[in-house]
Amino acid sequence: FSFNLAADCNAVLKALQPIFQEQGMTETVHNWEDHGYLATYIKKNGSFANLRIHPHGLVLVDLQSYNDHMKGREEVDQLLNKVEERMKELFQSNIKRVKRLPAILRGGVIDRYWPTADGRLVEYDIDEVVYDEDSPFQNIKILHSKQFGNILILSGDVNLAESDLAYTRAIMGSGKEDYTGKEVLILGGGDGGILYEIVKLKPKMVTMPSNIDQMVIDGCKKYMRKTCGDVLDNLKGECYQVLIEDCIPVLKRYAKEGRMFDYVINDLTAVPISTSPEEDSTWEFLRLILDLSMKVLKQDGKYFTQGNCINLTDALTLYEEQLSRLYCPVEFSKETVCVPSYMELWVFYTIWKKQTDI
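Along each chain, numbering runs from 1 in the same order as the chain's sequence is written. Predicted model: local features are reported for residues with pLDDT of at least 70 only, side-chain atom pairs are reported and counted for 80 or more only, and whole-chain, interface and lining totals are derived from all residues. The basis for every side-chain value is the complete set of non-hydrogen atoms in the structure, without hydrogens or water.

For the rest of this paragraph, the subject is the overall build of the protein. Helix and strand assignments come from DSSP, with helices taken as H or I runs of at least 4 residues and strands as E runs of at least 2, each series counted from the N terminus. When helices and strands are counted, the protein shows nine helices and 20 strands. C-alpha atoms define the radius of gyration in this analysis, and the globule rule sets the expected value at 2.2 Å times the number of residues to the power 0.38. The C-alpha radius of gyration computed for the protein amounts to 27 Å, which surpasses the reference 21 Å derived for 358 residues by more than 25%, pointing to a less compact arrangement than a globule. Along the three orthogonal principal directions, the C-alpha set of the protein runs to about 80 × 45 × 35 Å. Exposure categories follow from relative accessible area, calculated using a 1.4 Å probe and restricted to protein chains: below 20% of the type maximum is buried, above 50% is exposed, and the middle band is partly exposed. Counting the 358 residues in the protein, one finds 46% classified as buried. In the protein, the proportion of contacts linking residues at least 24 apart, taken out of those at least 6 apart, comes to 59%. Contact definition: two residues touch when any of their heavy atoms are within 4.5 Å.

Below you can see the structure in the form of structure tokens.
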């Protein structure tokens with residue numbers, strides 16, 4: 001409850017006390033003089049409520065209860081309804097805003113809450129843990145969402161859902177490129193989504209040093225088939241090969257051999273969320289990937305990569321600054337796409353070698 005004016009802390013406390021007492025809850029009140037009241041109400045079944053009254057005009061009510069049945073949830077709603085009715089009855093003219101948040105479910109077998117890249121907490125409609133394993137490198141989860149299908153989550157980071165064809169299309173150039181007969185290098189992409197879509201476009205050869213984590217591929221080929229189809233069933237196909245290797249030695253080897261590609265698609269990682277100077281090693285890693293990729297990219301080739309959430313403007317700016325520090329001059333464009341399961345707008349980059357006049 002937000003008040004128009006300063007709140008009469010004592011009046012609010014006395015108004016709400018009877019509601020909690022009717023529930024058989026034991027009361028403890030803390031008074032901090034100029035800093036308002038904190039009243040706690042505890043029930044014998046372990047349920048409790050915190051009533052925090054700030055003198056500047058903010059009243060917070062937090063009710064926590066262990067209920068695994070509908071009746072218990074109805075009791076919580078009834079109690080909160082009574083609190084809201086009493087507050088409006090006594091303080092209607094002074095109340096500027098009333099906001100009730102939905103219940104947060106803690107400690108469940110299924111984790112429904114995951115942060116966005118810019119730090120907002122999102123509740124997903126997760127109803128099943130499909131896969132949950134720890135590899136030597138990371139935790140791998142595949143959770144089922146009623147809305148988005150199966151979602152791949154690596155060490156707490158939402159990677160891709162079966163609904164996210166928009167992501168795959170964007171990191172391939174949004175349908176504007178002709179991959180027919182082309183040499184393509186995919187960095188990362190262990191979910192198989194990019195590989196599956198490119199193979200349909202009749203390339204000459206797609207090489208994918210996916211990552212060093214075979215367990216990601218194993219989980220995706222079994223539980224993300226709407227994304228990867230059957231391309232991960234075998235590591236080699238008519239026009240593709242998947243390498244379970246660290247991409248950096250692969251890139252260095254290709255650069256030394258003089259092997260060149262029409263397209264390089266980097267699906268390794270997002271731009272770091274932190275923009276502090278201490279993250280130099282991360283930026284150095286990104287520059288290394290970019291430099292090596294430019295060395296194996298044909299003069300008229302294109303490099304595609306994801307950026308980050310559109311709200312992370314500082315991180316995106318720092319990424320673009322890295323592009324001016326590569327061994328060769330480059331130009332770039334960017335596109336913003338709504339990725340369904342991310343629940344946020346995402347920035348994608350196209351980078352190419354700057355053409356110099358002879």
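Now that the structure has been shown, the text picks up again.
What follows is about the sheet that holds strand β12 (residues 157-161). Spatial strand order, β9-β10-β11-β12: four strands in an open sheet with antiparallel pairing. The open sheet has two edge strands with one neighbour each: β9 (126-134) and β12. Direction aside, neighbouring strands of the sheet carry axes that sit 25° apart on average. Pairing between strands requires that DSSP locate at least two bridges from one strand to the other. Relative to strand β10 (residues 139-145), β9 runs antiparallel, the two being bridged by seven bridges. Between N-to-C directions, angles cover 0 to 180 degrees, with each direction set by a line fitted to C-alpha atoms, over the stretch in contact for helices.

Side-chain direction in a regular strand flips from residue to residue, so the side chains alternate between the two faces of the sheet. Note: strand β11 (residues 149-154) against β12, four bridges, orientation antiparallel. Paired with Leu 152 across the bridge in β12 is Leu 160.

Turning next to the pairing of strand β19 (residues 330-339). Relative to strand β20 (residues 344-353), β19 runs antiparallel, the two sharing ten bridges. Bridge assignment links Ser 333 to a residue of β20, and that residue is Thr 350. Here β19 hands over to β20 after four residues, with Met 343 in that stretch at a positive phi of 55°.

When the UniProt feature table is mapped to this numbering, "active site" (unreviewed entry) covers Asp 267. If you trace the backbone, Asp 267 turns up in strand β17 (residues 261-267). Judged by its relative accessible area of 11%, Asp 267 is buried. Apart from the residues within four sequence positions on either side, Asp 267 is in contact with Tyr 167, Ile 171, Leu 187, Gly 188, Gly 189, Asp 191, Ile 194 and Gln 306. UniProt positions are given in the numbering used here, feature names are shortened, and annotations may be inferred rather than shown by experiment.

Any two side chains of opposite charge can pair, given that their charged atoms come close. Salt bridge, as used here: a side-chain nitrogen of Lys or Arg that lies within 4 Å of a carboxyl oxygen of Asp or Glu. Across all of its chains, the model carries 14 salt bridges by this definition. As a salt-bridge pair, Arg 225 and Asp 233 come within 3.0 Å of each other at their nearest N and O atoms. Look at Arg 225 and you get partly exposed, because its relative accessible area is 37%. One salt-bridge network, in which partners are shared between bridges, spans Glu 84, Lys 88 and Arg 100.

Another point: the side chain of Ser 2. Of note, Ser 2 is situated in strand β1 (residues 2-3). Beyond its immediate sequence surroundings of up to four residues, Ser 2 is in contact with Gly 57, Asn 94, Ile 95, Lys 96 and Arg 97.

With that out of the way, let us pick up the packing of aromatic side chains. Note on ring pairs: Phe, Tyr and Trp rings are taken, using the six-membered ring of Trp, and paired if centres are within 6.5 Å. Classes follow the plane angle, with under 30 degrees stacked, over 60 edge-to-face and the rest tilted. Following the criterion strictly, the structure yields twelve aromatic pairs and no others. With centroids separated by 5.7 Å and ring planes inclined at 40°, the aromatic side chains of Tyr 131 and Tyr 223 adopt a geometry described as tilted. Here Tyr 131, found in strand β9, pairs with Tyr 223, found in helix α5 (residues 214-223); they are 92 residues apart in sequence, far enough to count as distant. Classification of Tyr 223 as partly exposed rests on a relative accessible area of 24%.

Bringing helix α9 (residues 313-322) into the picture now. Among all positions of α9, only Ala 315, Leu 316, Tyr 319, Glu 320 and Gln 322 are buried. In a view along the axis of α9, the buried residues occupy a sector of 150°, so they form one face of it. Think of the arc as the fan of directions from the helix axis to the C-beta atoms.

If you trace the eight strands from one edge of the open sheet to the other, you get β15-β16-β14-β13-β17-β18-β20-β19, paired in mixed fashion. The open sheet terminates on both sides in strands that have one partner only, identified here as β15 (236-237) and β19. Of the pairings in the sheet, the one linking β17 to strand β18 (residues 297-309) comprises five bridges and is parallel in character. Bridge assignment links Asn 266 to a residue of β18, and that residue is Thr 305.

It is worth spelling out unusual backbone geometry at this point. Backbone geometry at Ser 174 places phi at a positive 55°, although glycine is not the residue there. If you trace the backbone, Ser 174 turns up in the loop between α3 (165-171) and β13 (183-188).

Residue ranges assigned to each domain were obtained from an automatic or database domain assignment. Taken domain by domain, the protein holds domain 1 (2-97) and domain 2 (163-353). Spacing between the C-alpha centres of domain 1 and domain 2 amounts to 52 Å.

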